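Each chain, letter by letter, is given below.
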Amino acid sequence: MSACFLFVLQTMNAQFVANYDESKVPEFDLPDPLTTFSNNQILTSASWTELRRPELIDFFESQVFGRVPGTADAIISEVIEESNSALDGLARRRQVKVTVTKKGKTLSYLILLYLPKNIAKAPVFLGYNFHGNHTVINDPAILISEAWSLNNESIGITNHTLTEESRGMRSGRWAITKMIEAGYGLATIYYGEIDPDKNDFTDGLHSLFYAGDQERPVKDEWGAIGAWAWALSRTMDYLENNMEVDKSRVIVFGHSRLGKAALWAGAMDERFAGVISNDSGCGGAALSKRKFGETVAQINENFPYWFSENFKKYNNAEEDLAVDQHELLALIAPRPLYVASAMEDEWADPKGEFLSAFYATPVYSLFGKAGIPSNEMPAVNSPIQNTVAYHIRTGKHDVTEYDWKQYIKWAVEQFD
Ligand code: GTR
């Protein structure tokens, strides 16, 4: 075999090998959330809010998630289905169609809302689901979305189409009865209705916002995560005006890629009273500069449409990033924040998720709020529940009953 041929073969086979070895984590300088880009110390909560918070938002917008190019021309919402006796009489159910109009184009999505029956104004958890509202609980009244879906044969989704077969199949990820019993409601949306999770910018929300013959976002404009985050805020617009919801207690939740979207929405939009990141990993809670598990280059290669085009500048160049993800978390301060990891979810770098919450803590301290007290990870299944909360549980990348049990307990303590 010629040397040249061998080289080509080796290059083709040059596959990314994730680092899962703590001793191979590079030395890195973590930016100080309390030092501005022009090197000024932030000593008060007021100067955090006036100086540091805006420049960090600006950086995450232009370099990481991308900016939203403008506002919608109109947004209307209508209740298209409701019941005052859902889930065996425990809850009220509302299905609300939201229609966004921009430059004559429209995009509609459905919010599925369950509210505890005996509470006039309920706090709610708001979160996207991966495979349609009808998957979150076995309730025959839930409408099935016609939007494109990733296939998932384990829950009966083939041909990128949602069907009856997957009704209730993701109920294990949504402890709805437990939420209702604790006095909380749930608002959920199928994320594929906002932007289908594929490398195609001609569909979904982005396509409404193009100027002239634009066909994809420009370098500092939003990717899919930016679009998903934007629609969480539009859903907050709706919830704010819903008399059955306590708008001062809307907690945005998300798992994995949708955890990244929840963090970004919660960072930007201070109407979210709290934020929960479940296994959000790279581009979510995990520190990028550790390069442990999924890296910036990997995520941008596998999902080139999730972040802004600018974020690709940091592929294999995390040291050039003027921020790290602990500063995304810090943008949520002083509001309650829960970061959770799973033992077997090494790809998401549990330690990096934990340290990120730890390094966001000085900003919470500035507001007199308790964060993560030490850089020693807590034992498995032993949550730390302060204003900043963290747990690592046994098991895989998933949302489990254990996770919701902790979130509900913490929410009740923080918000009641
Ligand atoms: C993975 C991706 C992660 C995470 C995950 C998920 O393939 O690499 O960043 O977002 O998907 O959303 O389940």
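The structure we're discussing is the one just above.
A. Quick peek at the overall build of the chain. Within the chain, the secondary structure is distributed over nine helices and ten strands. Scaling as 2.2 N^0.38, a compact globule of 416 residues should have a C-alpha radius of gyration of about 22 Å, and the chain matches this with 21 Å. Projected onto the principal axes, the alpha-carbon positions of the chain cover approximately 70 × 55 × 45 Å. Considering only contacts within the chain whose residues lie at least 6 apart along the sequence, 69% involve residues at least 24 apart. If you sum the accessible surface of the chain, you get close to 16800 Å²; carbon and sulfur atoms cover 51% of it. Positive and negative side-chain charges in the chain, numbering 38 and 55 respectively, have mean positions lying 3 Å apart.

B. Structural view of the packing of aromatic side chains. A full pass over the atoms with the stated rule returns 28 aromatic pairs. Ring geometry for F60 versus F65: centroids 6.4 Å apart, planes at 25°, classification stacked. For F60, a relative accessible area of 0% gives the class buried. On the numbers, 5.9 Å between centres and 80° between planes, the contact of Y190 with Y191 is edge-to-face.

C. Region of the structure containing the site of the ligand. The immediate surroundings of the ligand are formed by S256, R257, K260, E294, I299, F303, W306, W347 and H397. At a separation of 2.8 Å, an oxygen atom of the ligand approaches a polar side-chain atom of K260. Protein contact buries 80% of the 320 Å² of open area that the ligand shows by itself. If you map the ligand onto the pockets, it falls in the largest pocket.

D. Highlighting the layout of surface pockets. A volume near 280 Å³ is recorded for the largest pocket. Lining the largest pocket are 20 residues, and of these F130, H255, S256, R257 and H397 sit closest to its centre. Within the lining of the largest pocket, the residues separate by chemical class into seven nonpolar, seven polar and six charged.

E. How the structure looks around the side chain of S277. The residue S277 is located in strand β7 (residues 274–278) in this model. Taking the relative accessible area as the measure of exposure, S277 reaches 0% and is therefore buried. For S277, the residues in contact, after removing those within four places along its chain, are G254, L263, A285, Y338, V339, A340 and Y407.

F. Geometry of helix α4 (residues 224–240). For α4, which comprises 17 residues, the first-to-last C-alpha distance of 24 Å matches the rise-based estimate of 24 Å (1.5 Å per residue) to within 8%. Most of α4 is tucked away: 15 of the 17 residues are buried.

G. Spatial organisation of empty space enclosed by the protein. According to the stated counting rule, one finds three cavities of 30 Å³ or more in the structure shown. In this structure, the largest cavity encloses a volume near 100 Å³. Taken together, Y128, N129, F130, H131, T135, R170, R173, W174, F253, H255, L258 and V399 make up the lining of the largest cavity. Breaking the lining of the largest cavity down by element, the ones donating at least two residues are β4 (122–129) and β6 (245–255). Of the residues contributing to the lining of the largest cavity, the split by class is six nonpolar, four polar and two charged.

H. Up close: the pairing of strand β8 (residues 337–342). With respect to burial, β8 is a largely interior element, six of its six residues being buried. In β8, alternate side chains face the same way, and those of L337, V339 and S341 on one face and Y338, A340 and A342 on the other are all buried. Across four bridges, the pairing between β7 and β8 is parallel. Directly across from N278, in β8, lies its bridge partner A340. Sheet analysis places β8 next to strand β10 (residues 388–393), joined by six bridges and oriented parallel. When the sheet's bridge partners are listed, Y338 is paired in β10 with A389.

I. Expanded view of the pattern of salt bridges. For the structure on display, the rule yields 33 salt bridges. Residue R94 pairs with E244 through a salt bridge whose shortest N-O separation is 2.8 Å. Placement of the pair is R94 in strand β2 (residues 91–102) and E244 in the loop between α4 and β6, with a sequence separation of 150 residues. When sorted by exposure, R94 lands in the same class as E244, which is buried. Several salt bridges converge on common partners, so that one network encompasses R234, D237, E240, D269 and R271.

J. Structural context of the packing of α4 against helix α5 (residues 257–268). Where α4 contacts α5, the axes come no closer than 8 Å and their chain directions differ by 55°. Taken together, α4 and α5 sit at an angle that is classed as oblique. The two elements α4 and α5 meet at a crossing, and its hand is right-handed. Seen from α4, the contacting residues are I225, G226, W228, A229 and L232; seen from α5, they are L258, K260, A261, A262, W264, A265 and M268.

K. Spotlight on the nonpolar core. Formed by 94 residues in total, the largest nonpolar core has its most connected members in Y128, W228, L239, W306 and L337. The dominant element in this core, judged by the number of residues it contributes, is α4, at eleven residues. In contact with Y128, not counting residues within four places along its chain, are W174, T188, I189, Y190, Y191, I194, A227, W228, A231, L232, F253 and L258. Core analysis: the next-biggest nonpolar cluster, separate from the first, contains 30 residues, I142, A340, W404 and I408 among them.

Cut-offs used in this document
- Residues numbered from 1 in each chain as written.
- Predicted model: local features only at pLDDT ≥ 70, side-chain atom pairs only at ≥ 80, totals over all residues.
- Heavy atoms only, no water.
- Helix = DSSP H or I, 4+ residues; strand = E, 2+ residues; numbered from the N terminus.
- Rg over C-alpha atoms; globule rule 2.2 N^0.38 Å.
- Contact = heavy atoms within 4.5 Å.
- Areas by Shrake-Rupley, 256 points an atom, 1.4 Å probe, with all protein chains shown as cover.
- Lys, Arg positive; Asp, Glu negative; His and termini not counted.
- Charge placed at Lys NZ, Arg CZ, Asp CG, Glu CD.
- Phe/Tyr/Trp six-rings, centres within 6.5 Å; stacked < 30°, edge-to-face > 60°.
- Buried < 20%, exposed > 50% of the residue type's maximum accessible area, 1.4 Å probe, protein only.
- Near = heavy atom within 4 Å.
- Polar contact = N/O pair within 3.5 Å; in protein donor to acceptor, adjacent residues only side chain to side chain.
- 1 Å grid on protein atoms, 1.4 Å probe; cavity = no way out; pocket = protein on both sides within 12 Å on 5 of 7 lines; lining within 4 Å.
- Sits in = over half its atoms within 2 Å of the grid points.
- Points joined across faces, edges and corners; volume = space filled by probe spheres on them.
- Nonpolar A, V, L, I, M, F, W, Y, C, P; charged D, E, K, R; others polar.
- Expected span 1.5 Å × (residues − 1).
- Pairing = 2+ DSSP bridges.
- Salt bridge = Lys/Arg side-chain N within 4 Å of Asp/Glu carboxyl O.
- Axes fitted to C-alpha atoms, helices over the stretch in contact; angles between N-to-C directions.
- Parallel < 35°, antiparallel > 145°, perpendicular 65-115°, else oblique.
- Left-handed = near helix turned anticlockwise from the far one by under 90°.
- Core = buried A, V, L, I, M, F, W, Y, C linked by side-chain atoms within 4.5 Å.

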